[in-house]
Amino acid sequence: MLGIILACLAILTAQTLIRYYWILPTFEAMAEDGDKQDLERVASQVNQELESLHKLVYDSAVWDAMYDAASNNDAEWFSTNFVIYESYRRIGVNGWYLYNTDGNIISGRSYNENGDVIVPEELDTLTKLLGRDLVTFPASENSVFTQIDDKPAVVVYHDVLQSENEGQSAGTLLIWRYINQSFVDALTLGISNDIAFHTILQMPTSADAVAMRYGQPTVTHTQPFFGRLYMSVNSKQNVPLFALSIEPRQRQYSDSLFDPSLLVGLVITLSVIALFYIWINHQLIRPISHIHDSVSYAMRNRDFSCQEVYTGRNEAFRLGRKLNEMFALIDHQRTEVLMHNKQLEKMSNTDPLTGLSNRRHLDKYFDNLPLPLRSGKLPMAVLIADVDFFKRYNDVYGHAEGDKVLVNVATVLRNNTRANSDLVVRYGGEEFLIVLQEASILAASKVAETLLGEIRRLAIPHKGRDDSKQILTLSIGVACQRSGEPLHPDFLLKRADDALYKAKSSGRDCYMLSDLSYSANIPESVSATE
Ligand SMILES: Nc1nc2c(ncn2[C@@H]2O[C@H](COP(=O)(O)OP(=O)(O)OP(=O)(O)O)[C@@H](O)[C@H]2O)c(=O)[nH]1
């Protein structure tokens, strides 16, 4: 959860910084660029308007008849033949004048905005006009802005020549018009922003207000002043004559730092991160995690049988499948080793001839007996059985036959004792030991009796004996664990061995109880069977 919150904050911060340092400045620069272009377009429109006025005066100045009239200072000719006041007025021209080469008026007339005739003293002589602080039209020296009747106006003049720009000048033809809202309205064609005209009095006084100066087509800034961008027209002395203003372009973007697009960006980014995480999790994290868990489990439990399912195709899945193969190999080898160990253990505890347990196993057997038996709480007996005159049997019948006899004796001993609780051990060459769990001296005696009888019943011929019996027999020594006395295996075995010695001494083919066995409340009647 904390990770998700931190991720959201990080993404929001990154997006905000990108918006603040990159997106918003880029948008703003684009919009300012547009504003700049609009201002330049206004200046260009003004130029065009002046150019069309210039054409008007130029076209008029090349007529030969007018040239002659100008040359002759023929004011009458102009008032009778050059009657174009109405045409001029219709296209916004406020006045026209023809000056002779001395700069004095030959003919001309001016009207104010109401159509009344006026006599602007600024235009008395051409010299007077040109001596004023003017603003020149960048493309032509013969177009100037000035003040006529204290109002901004544009004046356009041209030499009166015989032919196009050639020959000697016979005078100067001049037309002028006021710069006002109607002049500006004519400019609006081709410009989407509305253009407003401002007289000196209506102009903002702050220096920051003016974004551009006419004649200096560099936009100094594009920060609007009270919602408008101003272009001022200043005289050579830098005296403002008038200004035009436009509305800056509408910003088509939200300039706030936090925007709904940030949230959309956040959601998209989080979704992409989530999808990427799910993909990485599926492709890498999960298989590697399974590999880690499998290895941990196998090492902790020493169990290499587990097999995870790795279905993907990338390196992580391939590593997982290799791990499965390695685990299977280890598991197989481990099983084999365990099996071999078991076999080895069994072999090390087993007598190879008879298949009985051997003496090594006996030690472990006593150690692992249940506590009631080891503490003497429950009775227990040990029998040591020895084949009589076995040396002579070997001598007479051979060692191989002797081995067979030992196997037969082992079978008899095993078949007549309890498989799950008693233990039959090949104790020495022809000596066998039997441990009878929870067996009283009476039960042990009975077992001894049975074993002697069963061997006799086999009636294995033994012609090498010293005595008259011609069959194979056993002698057995029996020792019982005394009640309540802790088990001392060596002592118990010694007593059984002593009892065996007694049985041998008593003529063999019998069993004898060790002396101490009697103290375990055993009937005295148990003794040699012969
Ligand atoms: N065939 C065979 N003989 C063995 C084996 N182990 C021991 N013997 C023989 O068993 C004989 C034991 O002889 P002894 O200890 O003198 O005793 P015995 O001849 O049985 O005489 P008593 O015990 O006094 O009756 C030896 O001759 C050993 O060689 C075996 O695995 N196979």
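The rules behind the values
- Residue positions are given per chain, counting from 1 as you read along its sequence in written order.
- Residues qualify for local features only when their pLDDT is at least 70, as the model is predicted, and side-chain atom pairs are given and counted only at 80 or more; totals for whole chains, interfaces and linings, by contrast, use all residues.
- Side-chain numbers here rest on the full set of heavy atoms in the structure, without hydrogens or water.
- Following DSSP output, two strands are said to pair if at least two bridges run between them.
- Strands are runs of DSSP state E lasting at least two residues, helices are runs of H or I lasting at least four, and both sets are numbered from the N terminus onward.
- In this analysis an axis means a line fitted to C-alpha atoms, helices contributing only their contacting stretch, and an angle means the value between N-to-C directions, from 0 to 180 degrees.
- Note on contacts: a residue pair qualifies if any of its non-hydrogen atoms lie within 4.5 Å across the two residues.
- When a carboxyl oxygen of Asp or Glu is within 4 Å of a side-chain nitrogen of Lys or Arg, the pair counts as a salt bridge.
- When describing relative orientation, an angle under 35 degrees is termed roughly parallel and one over 145 degrees roughly antiparallel, while 65 to 115 degrees is termed roughly perpendicular and anything else oblique.
- Should the near helix be turned counterclockwise from the far one by less than a right angle, the crossing is left-handed, whereas a clockwise turn marks it as right-handed.

Another point: the sheet that holds strand β14 (residues 431-437). Read from one edge to the other, the open sheet built from five strands follows the order β13-β14-β12-β15-β16, with strand pairing classed as mixed. Strands with a single pairing partner mark the edges of an open sheet, and in this sheet they are β13 (423-426) and β16 (511-513). When strand polarity is set aside, the average angle formed by the axes of neighbouring strands in this sheet is 20°. Where strand β15 (residues 474-480) meets β16, three bridges bridge the pair, whose relative direction is parallel. The residue of β16 that forms the bridge with I476 is Y511. Across the sheet, helix α13 (residues 441-458) is in contact with β12 (380-387), β14, β15 and β16; its angle to β15 comes to roughly 170°.

Now for unusual backbone geometry. One non-glycine residue, F226, lies in the positive phi region at around 50°. Relative to the helices and strands, F226 is located in the loop between β9 (210-213) and β10 (229-234). The residue R508 is not glycine, and still its phi comes out positive at about 70°. Within the secondary structure, R508 sits in the loop between α14 (489-505) and β16.

So, on to the pattern of salt bridges. If the charged atoms of two oppositely charged side chains come close together, the side chains can form a pair. Within the structure shown, the criterion is met by 21 salt bridges. Residue E454 is joined to R457 by a salt bridge in which the shortest nitrogen-to-oxygen separation is 2.8 Å. With E454 and R457 both in helix α13 and three residues apart, this pair spans about one turn of that helix. Each of E121, D124 and K128 takes part in one network of salt bridges that share partners.

Here the focus is the packing of helix α12 (residues 399-415) against α13. In contact at an axis separation of 10 Å, α12 and α13 are set at 140° when each is read in the N-to-C sense. Put simply, α12 runs oblique to α13. The handedness of the crossing between α12 and α13 comes out as right-handed. In contact with N408, V409, V412 and L413 of α12, α13 contributes L451, E454, I455 and L458.

Taken by themselves, the reported measurements are silent on function.
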